[in-house]
Each structure stands twice: as structure tokens, then as C-alpha cells.
Amino acid sequence: MAMLKLSVILIVLDFAFFPCLTTSIGQYDYFQMVYQWQPAYCVGRKDPCRIKPSKIFTIHGLWPSNFSDIPGDKCKGALFNDSLMSQDPTLVSELQRSWPDVGGGDDMGFWGRQWNKHGTCSEQTFGQIQYFQRADAIWNKAKMNITMILKNNKISAGGGKYNYTHIEGVIKRAIGDTPIIRCIWRKRAQLLHEVVTCWSQDGQNLIKCNSTQKCSSNFDIEFL
Ligand SMILES: *[C@@H]1O[C@H](CO)[C@@H](O)[C@H](O)[C@H]1NC(C)=O
Ligand SMILES: *[C@@H]1O[C@H](CO)[C@@H](O)[C@H](O)[C@H]1NC(C)=O
Ligand SMILES: *[C@@H]1O[C@H](CO)[C@@H](O)[C@H](O)[C@H]1NC(C)=O
Ligand SMILES: *[C@@H]1O[C@H](CO)[C@@H](O)[C@H](O)[C@H]1NC(C)=O
Ligand SMILES: *[C@@H]1O[C@H](CO)[C@@H](O)[C@H](O)[C@H]1NC(C)=O
């Protein structure tokens, strides 16, 4: 009986403290899974890429985000720890495929900066290892292969031009929900730079993206 009372008290305490814990670590509404088209990324960068870009979408980052699009303060989670990565023996080699640092050729450095800037905002959901495992798992889903989806729908790299609605529609039909597409401008043309799919706060379910940060619908999008 005493045990039972104690556990009831503990449960009550748990509920009382849980909200404080979650708000003190980081707050976000959902995740943006950001894929970058390597050739456009390298064109948009100040310094030349150190790795020759491949015609493939790889991960830029998995970003805890707010529906308001207003960025919050710096998050307070634990900073990136290199040596944790080897706790999952296949993780580093997986990420070298899915999340390479084409710009600087320093994969671990890139992952560290992404974790410190973004991953720390969702540390209550995913610890460091789980965060990178989740992003890699999304990238590996056959249905979510953005490179393949565009190719199969005749949205061809190499300078083809397509309108926003068309690219959005093709990806939406394949994955099941609205993505967003981001561009960079070069010589008065907008280049397809990033494709973003959106995920529920627990990172498990695809949701509709409705961020306003995307390419202009008034101009065609060039696919380098
Ligand atoms: C989301 O908004 C909240 C409240 O303004 C803010 O504290 C938090 O840092 C924001 N999260 C992100 C990831 O920008
Ligand atoms: C990094 O992780 C390793 C392995 O778990 C641990 O021994 C070390 O204390 C951690 N370093 C920091 C700064 O937290
Ligand atoms: C995605 O599709 C491309 C193009 O068909 C293919 O080369 C690549 O291996 C696929 N990636 C994954 C993770 O299945
Ligand atoms: C966008 O492109 C598609 C496919 O080429 C075309 O059917 C559609 O009319 C275009 N929409 C606009 C608004 O230009
Ligand atoms: C975006 O979607 C979320 C979740 O469905 C919703 O709460 C929010 O109001 C939407 N924002 C806009 C600008 O449509």
C-alpha cells in the first residue's frame, strides 16, 4: 500500500515536471528534412567545393522548426561529441553516403556544426546518435529517394527548366505529402538547390510542409 502511494506521488510529480523539462531544452513544432542538390550547392558557395559534386541529393540537415518560420534562440543541448558516433558501428559509413560534406570534405565537422546548430533543439526527442540514425533512415527510404523521383518523372538535371507547381506535384505524388523546394539565384535564374520534406515532432510521420521559405513561383526553376 505504501509502495502504491509512493508511485502515485511519483507519477504526479512526473506530470508536474515534464513540461518544464521539455521547454527548457528546446521547442519546435516539426522537423524539416533538407536535401541538397550537390551541383547547385557548389555553385552557390563562396569557395569552390573540395569534393567534386555528384548529381545526387544528399542531406543538408534535419532541422527542428517552427510553423511560424521564426527562428528561435540558440539551443541549449549538449554539444557534438565525435566519439559518440562510433557507438553505432555502421553509422559513420552510412552517413558518409547520405550526409557528406561536399563543400569542405570534412564530414565529421559538418555533422558537428549541424548538430550544434539544429540537433540540439530536439535533444529531448533524439539524442545525438538517434538524431543521425533518423536522418539516415529517412534518406534511405526507397519511397523518399528524391534523386530517383525526379529522374523517373522526367525532371532532368543538366539545365532543364520546370515550374514550381510541377516539381512540387511530382514529389508530392511520390511521397504522399507536400514538400517545399528552395532555390538559389545565379545570373537572374533560380536554381533548384534544396528539397524539403516535413516530419512530425517525433520525427516518425511525414506531414505537409507549409513553410513560406521557398523558391518563387513566378519564375521557372533550372535544374543544374
Ligand atoms: C520555436 O519557437 C519557440 C518560441 O518562440 C522558441 O523558443 C524556439 O527556439 C523555436 N524553435 C526553433 C527550432 O526555432
Ligand atoms: C564524449 O563521449 C565519450 C564516449 O561516450 C565520453 O567518454 C566523453 O566523456 C564524452 N565527452 C564529452 C565532452 O562529453
Ligand atoms: C536513389 O536513386 C538513385 C538514382 O536512381 C540511386 O543511384 C541511389 O542509389 C538511390 N539511393 C538510395 C538510398 O536508394
Ligand atoms: C507547369 O508545368 C506543367 C508541366 O510542364 C504544365 O502542365 C503547367 O501548365 C505549368 N504550370 C504553369 C502555371 O505554368
Ligand atoms: C502549417 O501547418 C500546421 C500544422 O498543420 C498548422 O498548425 C499551421 O497553422 C500551418 N501554417 C500555415 C501558415 O498554414
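Here's what I pulled together on the structure shown here.

Conventions adopted
Residues numbered from 1 in each chain as written. Chains lettered and ligands numbered in written order. Predicted model: local features only at pLDDT ≥ 70, side-chain atom pairs only at ≥ 80, totals over all residues. Heavy atoms only, no water. Phe/Tyr/Trp six-rings, centres within 6.5 Å; stacked < 30°, edge-to-face > 60°. Helix = DSSP H or I, 4+ residues; strand = E, 2+ residues; numbered from the N terminus. Buried < 20%, exposed > 50% of the residue type's maximum accessible area, 1.4 Å probe, protein only. Near = heavy atom within 4 Å. Polar contact = N/O pair within 3.5 Å; in protein donor to acceptor, adjacent residues only side chain to side chain. Contact = heavy atoms within 4.5 Å.

### A closer look at the packing of aromatic side chains
With the rule as written, the count across this model stands at 13 aromatic pairs. For the ring pair Trp37 and Phe57, a centre distance of 4.8 Å and an interplane angle of 50° mean the geometry is tilted. Placement of Trp37 in strand S1 (residues 30-37) and of Phe57 in strand S2 (residues 57-65) is noted, with a sequence separation of 20 residues between them. Taken as a pair, Trp37 and Phe57 share a single burial class, namely buried. Counting every residue linked through ring pairs, the aromatic cluster contains Phe80, Trp99, Trp115, Tyr131 and Phe132.

### Considerations on the site of ligand 2
Near ligand 2 you find Asn81, Ser83, Leu84 and Gln87, and these make up its full shell. Take Ser83: an N or O atom from its side chain is 3.3 Å from an oxygen atom of ligand 2.

### Describing the environment of Ala157
Locating Ala157 in the fold gives a position in the loop between helix H6 (146-152) and strand S3 (160-162). Residue Ala157 is classed as partly exposed on the basis of its relative accessible area of 32%. Ala157 sits 65 residues away from Glu222 along the chain, and the two C-alpha atoms are 8.4 Å apart. Sequence-distant contacts of Ala157, defined by excluding residues within four places in its chain, comprise Trp37, Lys55, Phe223 and Leu224.

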